[in-house]
Amino acid sequence: MYGYLNKIRSSRKLERECIRNIELQWLLQNLQPNYHTIADFRKLHGVALQSMFRLYIQFLGDAGLLGKTTIAVDGSKFKAVNRKKNNYNQKKIDKHRQFIEDKTTKYLEEPDELDKQEDTIASDELRIKKGKIAQGLAKLKERSIRYDTLQEQLNNTDDKQISTTDPESRSIIIVKNIVEVAYNTQNAAAEKIISTWNNKTSQRIYHYWMEH
């Protein structure tokens, strides 16, 4: 909740906030989880976190903090943890598969060249070179399987892209021609809660969560 309100999505930044921010220290009762714990918690308890946000809205309604008349709506783009290289579309997958195909062809041609040089190359050196070729082909096969899997995932989605770290994030234009993997969100705020929010409200929310 703290990260959501303060637009902090990175688990590493949240870890630093647990040490730096007094407000967060109070909310966590002086616990200081590391970024692995935070990231794993969000990953494992996604459904529970959604329920928490629903409970939060319910509390605001029960406490009379939602006016439900004047509502401001605005869009925001939040950079995801997902890096650009872990976001794929058809063009990117095709490019990687073409590279694998070209590299494989090159590796397969090298043994013939080595056989022609067999009389001029020491047997140990020849064996080492052929071993490296075999290792290279094995790695390319692993990469080929990976991109086959990504292709299948892309085929099974209605979107034209997939993200492997944050599945719901997408590659979008942030400002002008700057492209980032991010979340394009729509934020709504009621007039009444904006005007009545204060530290006392925060305390009431905390105790409400503890009771439920």
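Here the structure is shown first, and the text comes after it.
Our subject in this report is the structure included herewith. (Residues numbered from 1 in each chain as written. Predicted model: local features only at pLDDT ≥ 70, side-chain atom pairs only at ≥ 80, totals over all residues. Heavy atoms only, no water.)

A count of helical and extended segments in the chain gives 9 helices and 5 strands. Taken over 212 residues, the chain has a buried fraction of 24%. Accessible surface, the chain as shown: approximately 15600 Å² in total, 52% of it carbon and sulfur. (Helix = DSSP H or I, 4+ residues; strand = E, 2+ residues; numbered from the N terminus. Buried < 20%, exposed > 50% of the residue type's maximum accessible area, 1.4 Å probe, protein only. Areas by Shrake-Rupley, 256 points an atom, 1.4 Å probe, with all protein chains shown as cover.)

On to the packing of aromatic side chains, then. For the structure shown, the criterion picks out 1 aromatic pair. Residues Tyr-88 and Tyr-147 carry aromatic rings whose centres are separated by 6.1 Å and whose planes lie at 75° to one another, so their mutual orientation is edge-to-face. On the criterion of sequence distance, the pair formed by Tyr-88 in strand 2 (residues 87-89) and Tyr-147 in helix 7 (residues 123-155) is long-range, its members being 59 residues apart. Both residues of the pair, Tyr-88 and Tyr-147, count as buried. (Phe/Tyr/Trp six-rings, centres within 6.5 Å; stacked < 30°, edge-to-face > 60°.)

With that out of the way, let us pick up the nonpolar core. Counting residues in each nonpolar core, the largest one holds 12 residues, listed as Tyr-88, Ile-93, Ile-100, Tyr-107, Leu-114, Leu-126, Ile-133, Leu-140, Tyr-147, Leu-150, Leu-154 and Ile-162. If you list the elements that add at least two residues to this core, you get helix 6 (90-116) and helix 7. The contact partners of Ile-162, leaving out residues within four places of it in the chain, are Asn-86, Asn-87, Tyr-88, Leu-150, Gln-153, Leu-154 and Thr-157. Tyr-2, Leu-14, Leu-24 and Ile-38 belong to the second-largest nonpolar core, a separate cluster that totals 6 residues. (Core = buried A, V, L, I, M, F, W, Y, C linked by side-chain atoms within 4.5 Å. Contact = heavy atoms within 4.5 Å.)

Once that is clear, we can look at the pattern of salt bridges. Per the stated rule, a full pass over the model turns up 4 salt bridges. Residue Glu-17 pairs with Arg-20 through a salt bridge whose shortest N-O separation is 2.8 Å. Taken together, the residues Glu-17 and Arg-20, both in helix 2 (residues 11-20) and 3 residues apart, mark about one turn of the helix. As a salt-bridge pair, Lys-79 and Glu-180 come within 4.0 Å of each other at their nearest N and O atoms. Within this pair, whereas Lys-79 is found in strand 1 (residues 71-79), its partner Glu-180 is found in strand 5 (residues 178-190), the two being separated by 101 residues in sequence. By relative accessible area, Lys-79 is classed as exposed at 57%. (Salt bridge = Lys/Arg side-chain N within 4 Å of Asp/Glu carboxyl O.)

One can find Ser-76 in strand 1. Setting aside chain neighbours within four positions, we find Ser-76 in contact with Tyr-183, Asn-184, Thr-185 and Asn-187.

It is worth spelling out the side chain of Asn-21 at this point. Mapped onto the secondary structure, Asn-21 falls in the loop between helix 2 and helix 3 (22-27). Only 3.1 Å separates the side chain of Asn-21 from the side chain of Tyr-2, close enough to count as a polar contact. Within the local environment of Asn-21, its side chain forms a polar contact with the backbone nitrogen of Glu-23, the two atoms lying 2.9 Å apart. (Polar contact = N/O pair within 3.5 Å; in protein donor to acceptor, adjacent residues only side chain to side chain.)

The subject of this paragraph is the sheet that holds strand 4 (residues 170-175). Think of a sheet as strands paired side by side through backbone hydrogen bonds, with each pair either parallel or antiparallel. One open sheet accounts for 3 strands, arranged 1-5-4; its pairing is antiparallel. In this open sheet, the two strands that pair with only one neighbour each are strand 1 and strand 4. Each strand of the sheet is rotated relative to its neighbour by a mean of 50°, with strand direction disregarded. Sheet analysis places strand 1 next to strand 5, joined by 9 bridges and oriented antiparallel. Note on strand 5: the bridge partner recorded for Lys-77 is Asn-184. (Pairing = 2+ DSSP bridges. Axes fitted to C-alpha atoms, helices over the stretch in contact; angles between N-to-C directions.)

A grouping of Ile-174, Val-175 and Ile-178 is seen on the molecular surface, where their side chains present a nonpolar patch of about 230 Å² in accessible area. Here Ile-174 lies in strand 4. (Patch = residues over 30% accessible without salt bridge, like charges linked within 9 Å, V, L, I, M, F, W, Y side chains within 5 Å.)

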